[in-house]
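Residues per chain, in single letters:
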Amino acid sequence: MSPTKAIKNYVIGLVVAIGITIFSYFEAVKIGNSTADVEIHSRKGRFYHNIIGMIGENGVLLIGGLISKFIIYTIWTRYKNPPTQIVLTAPNI
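Residues numbered from 1 in each chain as written. Predicted model: local features only at pLDDT ≥ 70, side-chain atom pairs only at ≥ 80, totals over all residues. Heavy atoms only, no water.

Some remarks on helix H2 (residues 43-80)
So, step 1. Taking 1.5 Å per residue, 38 residues should reach 56 Å; H2 reaches only 43 Å between its end C-alpha atoms and comes up short.
So, step 2. Maximal helix bending in H2 amounts to about 100 degrees, located at Gly-56.
So, step 3. Among the residues making up H2, those that are buried are Gly-45, His-49, Ile-52, Gly-56, Gly-59, Val-60, Gly-64, Ser-68, Ile-71, Thr-74 and Ile-75. (Helix = DSSP H or I, 4+ residues; strand = E, 2+ residues; numbered from the N terminus. Expected span 1.5 Å × (residues − 1). Bend = angle between axes of the 7 residues up to and from the residue. Buried < 20%, exposed > 50% of the residue type's maximum accessible area, 1.4 Å probe, protein only.)

Focus on helix H1 (residues 3-32)
Residues spaced three or four apart along an α-helix point in a common direction, a consequence of the helix completing one turn every 3.6 residues.
So, step 1. Given a rise of 1.5 Å per residue, 30 residues ought to cover 44 Å, and the 43 Å separating the end C-alpha atoms of H1 matches this to within 8%.
So, step 2. The sharpest bend along H1 measures roughly 35 degrees and falls at Asn-9.
So, step 3. Along H1, the residues classified as buried are Ala-6, Ile-7, Leu-14, Ala-17, Thr-21, Ser-24, Glu-27 and Ala-28.
So, step 4. In this structure, the buried side of H1 is in contact with H2.
So, step 5. Ser-34 sits one or two residues past H1 and shows a positive phi near 60 degrees. (Contact = heavy atoms within 4.5 Å.)

Here is the structure:
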(Lines give C-alpha, C1' and ligand atoms only; values in the text may rest on other atoms or scores of the structure.)
Protein backbone atom coordinates (compact mmCIF):
# COMPACT_ATOMS: atom_id res chain seq x y z
CA MET A 1 0.00 0.00 0.00
CA SER A 2 1.36 3.41 -0.89
CA PRO A 3 1.94 5.95 1.89
CA THR A 4 -0.64 8.35 0.47
CA LYS A 5 -3.33 5.66 0.37
CA ALA A 6 -2.45 4.68 3.93
CA ILE A 7 -3.06 8.17 5.29
CA LYS A 8 -6.00 9.30 3.11
CA ASN A 9 -8.73 8.49 5.65
CA TYR A 10 -6.74 10.00 8.51
CA VAL A 11 -6.29 13.27 6.62
CA ILE A 12 -10.06 13.44 6.14
CA GLY A 13 -10.48 12.81 9.86
CA LEU A 14 -7.99 15.57 10.65
CA VAL A 15 -9.91 18.07 8.52
CA VAL A 16 -13.17 17.07 10.23
CA ALA A 17 -11.59 17.37 13.70
CA ILE A 18 -10.24 20.84 12.92
CA GLY A 19 -13.62 21.91 11.52
CA ILE A 20 -15.50 20.68 14.59
CA THR A 21 -12.98 22.41 16.84
CA ILE A 22 -13.41 25.73 15.04
CA PHE A 23 -17.21 25.45 15.10
CA SER A 24 -17.22 24.51 18.80
CA TYR A 25 -14.85 27.37 19.65
CA PHE A 26 -17.16 29.95 18.08
CA GLU A 27 -20.13 28.38 19.85
CA ALA A 28 -18.23 28.60 23.15
CA VAL A 29 -17.51 32.27 22.47
CA LYS A 30 -21.23 32.86 21.84
CA ILE A 31 -22.12 31.05 25.06
CA GLY A 32 -19.54 33.09 26.98
CA ASN A 33 -20.93 36.35 25.59
CA SER A 34 -24.53 35.21 26.22
CA THR A 35 -25.39 35.62 22.55
CA ALA A 36 -25.99 31.92 21.88
CA ASP A 37 -29.36 30.63 20.70
CA VAL A 38 -30.85 29.30 23.93
CA GLU A 39 -33.98 27.96 22.24
CA ILE A 40 -32.65 24.49 21.51
CA HIS A 41 -35.47 21.98 21.22
CA SER A 42 -33.60 18.71 20.79
CA ARG A 43 -32.02 16.80 23.63
CA LYS A 44 -28.75 16.40 21.68
CA GLY A 45 -28.59 20.15 21.03
CA ARG A 46 -29.04 20.97 24.72
CA PHE A 47 -26.43 18.37 25.66
CA TYR A 48 -23.91 19.84 23.19
CA HIS A 49 -24.69 23.36 24.40
CA ASN A 50 -24.21 22.36 28.05
CA ILE A 51 -20.93 20.53 27.39
CA ILE A 52 -19.44 23.37 25.34
CA GLY A 53 -20.58 25.89 27.97
CA MET A 54 -18.99 23.82 30.73
CA ILE A 55 -15.55 23.34 29.15
CA GLY A 56 -15.37 26.87 27.75
CA GLU A 57 -13.28 28.41 24.99
CA ASN A 58 -9.90 27.25 26.25
CA GLY A 59 -11.16 23.74 26.93
CA VAL A 60 -12.48 23.42 23.39
CA LEU A 61 -9.13 24.51 21.98
CA LEU A 62 -7.24 22.17 24.32
CA ILE A 63 -9.35 19.11 23.51
CA GLY A 64 -9.38 19.89 19.77
CA GLY A 65 -5.62 20.40 19.80
CA LEU A 66 -5.00 17.10 21.58
CA ILE A 67 -7.22 15.19 19.16
CA SER A 68 -5.54 16.87 16.18
CA LYS A 69 -2.06 16.09 17.54
CA PHE A 70 -3.00 12.43 17.97
CA ILE A 71 -4.30 12.22 14.40
CA ILE A 72 -1.16 13.97 13.08
CA TYR A 73 1.01 11.48 14.99
CA THR A 74 -0.99 8.60 13.50
CA ILE A 75 -0.64 10.08 10.01
CA TRP A 76 3.11 10.45 10.48
CA THR A 77 3.63 6.87 11.70
CA ARG A 78 1.47 5.38 8.91
CA TYR A 79 3.24 7.50 6.28
CA LYS A 80 6.68 6.37 7.49
CA ASN A 81 5.67 2.71 7.69
CA PRO A 82 2.56 1.97 5.59
CA PRO A 83 0.85 -1.38 6.10
CA THR A 84 1.57 -4.13 3.65
CA GLN A 85 -1.21 -5.49 1.52
CA ILE A 86 -1.27 -9.24 0.99
CA VAL A 87 -3.08 -10.62 -2.05
CA LEU A 88 -3.96 -14.29 -1.97
CA THR A 89 -4.17 -16.10 -5.30
CA ALA A 90 -5.43 -19.56 -6.08
CA PRO A 91 -2.81 -22.03 -7.34
CA ASN A 92 -3.00 -23.06 -10.97
CA ILE A 93 -3.65 -26.78 -11.11
